[in-house]
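Working through the structure, step by step
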Amino acid sequence: MQEVKLYTATREDVVGTIVFSQSDEISSNVMDFTQNTWVVGKTILNNATGLEATILSVVSSTNIQLSVSGFASGGLLFTIIQELIELDLFKDETISLTQSIKNTKDIAKIQTDFTQSFTLPASKTNGKIFKHFHRGDILDGFDARFLKPAQIKLNGVDFKKGKLRLLGVKMKDNNPSSYKVSFIGSTVSLKTTFGDDELTDLPYLDAYNHIYSYQNIDNYMQNGYNPTGDGTGTISYPELMYPFISTSKNRYYYNTSETTNSQPHIPNVRNIFNNGEPASNDHQDYRAIQYFDLKPAIKVYNILKAIEEKYGFTISNDFLRPEVSSGSKPPVDGLFNNLYMFCNRKAGSFLEAIDESSAEVKLQDLTFDSGTEVRTSTNTTISSVKYSSLSGYYTYQAEITTTGGGSYDVELYDLDTNVVYYSQKNNVSSTVNFTYEFKTNTYGQVTYKPSLRVSTKGGVTSFVTTSVTLVKTSVAFSGGGQQPDTTVQTGVYSKSSISLSNGIDFRSKVLPKIKVIDFMTNLFKMFNLVAYFEGNELVVKTLDQYYLNSSNQEFNIDEYVDISSSNVDRSEVYSEINYEYKKANTIFAINSNEATNDEYGNERFKSTESNLFDGKKYNVKVSFGHMVYENLVNPASLSLQGTVTSAASSYIIDAYSNFNENKWVVGATIVNNTTGDIAIVNAVMDNTSLDLSTNTFSVGDSFTISATNAFSGITFGHTVSQDNSPVIDGGTLFSIDRIPLSSNIWLTNKIEGVNSSSPEELDYLYVPANVYEGQVGVRSINFGSEFDEFTNKEEEDSLFNTYHENFILNIYNPQARLLKITAHLPLKILLKYKLNDRFIIGGKKYLINSIKTNLQTGKSDLELLTDNYGE
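Ordered by their spatial adjacency, three strands build an open sheet running β41-β40-β42, and the pairing between neighbours is mixed. Every interior strand has two partners, whereas the edge strands, β41 (603-606) and β42 (616-621), have only one. Each neighbouring strand pair of the sheet contributes to a mean axis angle of 10°, computed without reference to strand direction. Bridging between strand β40 (residues 574-580) and β42 involves six bridges; their strand directions are parallel. Residue pairing for β42: Glu580 is matched across the bridge by Lys621. Set on the sheet, helix α10 (residues 799-812) makes contact with β40, β41 and β42; between it and β40 the angle comes to about 165°.

Have a look at this one:
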């Protein structure tokens, strides 16, 4: 028998960030320490270095004194560790823990190791923890709505960290006799953590607010936008950029044979080419890209950064990282670094947003004028509290005066939650006065980050906030029939004139309407990811990395297996397998599906009569949109001449050519002018190199490349339906390529019938694709093989082939068996094994599907799958 001990705490560990340190003192905005003096005497851990210290005293609302100096060296993230209290157990109570590989593949159930419910005695110690729960009329009793930190130890050794759930109390003679509880893994589920939050609830993404101007979009569609400065964004793969995807009825084409203004105007059809600068006349906008047709796309990696910042954990860089190589970890294919999400929250172009301007005043932007400074956490927050002995709230009063005529809107909203506290729309007077009271009706403390926003489409050019008053009211209840003590503190603030600018509120106006849990779930499905927590880090790997490229261990358990009874079952095979994106709703994808009688991007397998598998359906459905992009064809007769400066078996080099700006050569005919031999250009390798179907060229040979109806290498997306109505694409993910452009491709800010300022000639353009070609070869975000829009060749390295194939082949292997056995596992295995380890029985290796263990006896019910993974 093993000694099992269970521990729990009255509070969660506190994770925060050090914003300043000096000697033995650190500053953090994680909480108001003056209202949380329980931290004194607790252990604080530097999460990066492992250094521990004791909190000696609370210096101020943001500062604490530690037992050591230099605590912040080497890391900013810290944890204040809550003391755990040992609970009393019944001697004959059985505690069984269950783990399953399915819970590492379902983002909603990450790390949900769990026990069946068990009972604890109503001892004096346990009563202090679960105090008064049976008395619903007592306000300060145990709150079973929340899970409490917990830990299980086996024979004095740490086994599992997690949380304790109180299920109920059994009463005897009107007094508690036992408590019914269950233990759950260190994170109950990310579904619980994320709740119903949407991507719009991620404050980090405010960094991508930007002014929607002609000059900015011209820059962002050529060079991208990297506002955070964290080093992950480059010109090739920026944090945000504007891809060549039209969101209006405008249909773009490319024809270099058209002379200036030689073609009649066709509504909503525009040639991006013009021989020379388009004239400022009625037809200019039909010979250039209209900048307000374009909407931004954000790098998916930076959405993960926003999730980390919001929920206080980090995500490992095993696969979800912005580089191919990362320290000692195995290289990845780089596809994820090239993945972007198109931000098309509302159908149609941004034309209506051009005239809208806005500005806002955050709490920390206010200038303190008089009274008492009542803001907390470096002037960024206010809070309300409610306890049996104390309550407190804030009153926010403000007066807004504008400059310029016209109507405007006023909102007081929360920077973290995006909740709107106060709103007044289309006010036509010059001054607005309002008051809002921040008060909570539930027990505990609520923190707010109010920000005042003014927006207009009228003539308002600036505004001033005066007489901003924050009133902090605190009420202490002494009891015994005495009157409560009320304290009122008042701070008066102001903000000088702020000019309104044409800005895009990225979170509320641009980001697709997607829940955080759905966003993560879709990524997990696309790349067949698994995850588990190690401390505060969510380790995320592809299933191949998890099973093949991790430090797996092997445990021979022959001597522990109960051979008296076991089951050998067939593995779970499927009669039908479906990998699919959201149903196509954009014109190119719909037309492609109708023309091919197929579903672009999806992959399906259905067993037939001659090879009919007996099983259920296996469905992987991703709710991201998936688009088809058009490689614009140039119908003009094109030619390019050069001289070979170097040659090899399959390619030639012309040191003086510029093939990157002439990608139409792909698929074109190349003639050796010296020998008369003819070949086809397979691909542009770089600016001076071509890959050929056959190579008879020698150094010094001249060549001519010619083509009619050649692919331009400029891919174009269009978010309209078949009837040409703008649609929402559903948060489409795609890869990008920043391509250099030949001359005479233009951008305009001209609205039909209105002359523009000077049009801009584009040197580069971010174009969308479903295929990425990186350091380790070609990768596709189609689930199955599809034609590459750039090369017009079938691309086999799909999501299925790269990330899902090994999983499917393992369960369809003819030798695959599902073994169900009982084993009495010793502590040396129970404390070490992980779900990606292998158990060896009779010389055969098995993967762990699930394991249920009696912690007192070590008796484990195992479900094991024959290990043919990756063979």
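What the rule picks out here adds up to 20 salt bridges. Across the pair Lys305 and Glu308 runs a salt bridge, and its minimum N-O distance is 3.9 Å. Taken as a pair, Lys305 and Glu308 lie in helix α5 (residues 300-311) at a separation of three residues, close to a single helical turn. Its salt-bridge partner being Asp416, residue Lys449 comes within 3.8 Å of it at the nearest N-O pair. Note that Lys449 is positioned in the loop between β31 (444-448) and β32 (450-456) and Asp416 in the loop between β28 (408-414) and β29 (420-427), a separation of 33 residues in sequence. In this structure Lys449 comes out as partly exposed when scored by relative accessible area, which is 27%. Judged by its relative accessible area of 27%, Asp416 is partly exposed. One salt-bridge network, held together by shared partners, links Glu411, Arg453 and Asp505.

This brings us to a negative patch on the surface. Taken together, the side chains of Glu277, Glu760, Glu761 and Asp763 make up a negatively charged region of the molecular surface. For Glu760, the position within the fold is in strand β52 (residues 760-761). Given the relative accessible area of 33%, Glu760 is considered partly exposed.

On the surface, a cluster of positive charge is contributed by Lys525, Lys606, Lys617 and Lys621. One can find Lys621 in strand β42. You can call Lys621 partly exposed: its relative accessible area is 47%.

Under the 1.5 Å per step criterion, the end-to-end length of α5 is 17 Å for 12 residues, consistent within 8% with the ideal 16 Å. Those residues of α5 that fall on the buried side of the exposure criterion are Val300, Tyr301, Asn302, Ile303, Leu304, Ala306, Ile307, Glu308 and Tyr311. Contacts from the buried residues of α5 go to α3 (190-194), β21 (297-299), β22 (314-315), β23 (339-342), α7 (516-527) and β50 (733-740). Just downstream of α5 lies Gly312, where phi reads positive at about 80°.

How each quantity is defined
- Residues numbered from 1 in each chain as written.
- Predicted model: local features only at pLDDT ≥ 70, side-chain atom pairs only at ≥ 80, totals over all residues.
- Heavy atoms only, no water.
- Pairing = 2+ DSSP bridges.
- Helix = DSSP H or I, 4+ residues; strand = E, 2+ residues; numbered from the N terminus.
- Axes fitted to C-alpha atoms, helices over the stretch in contact; angles between N-to-C directions.
- Contact = heavy atoms within 4.5 Å.
- Salt bridge = Lys/Arg side-chain N within 4 Å of Asp/Glu carboxyl O.
- Buried < 20%, exposed > 50% of the residue type's maximum accessible area, 1.4 Å probe, protein only.
- Patch = residues over 30% accessible without salt bridge, like charges linked within 9 Å, V, L, I, M, F, W, Y side chains within 5 Å.
- Areas by Shrake-Rupley, 256 points an atom, 1.4 Å probe, with all protein chains shown as cover.
- Lys, Arg positive; Asp, Glu negative; His and termini not counted.
- Charge placed at Lys NZ, Arg CZ, Asp CG, Glu CD.
- Expected span 1.5 Å × (residues − 1).

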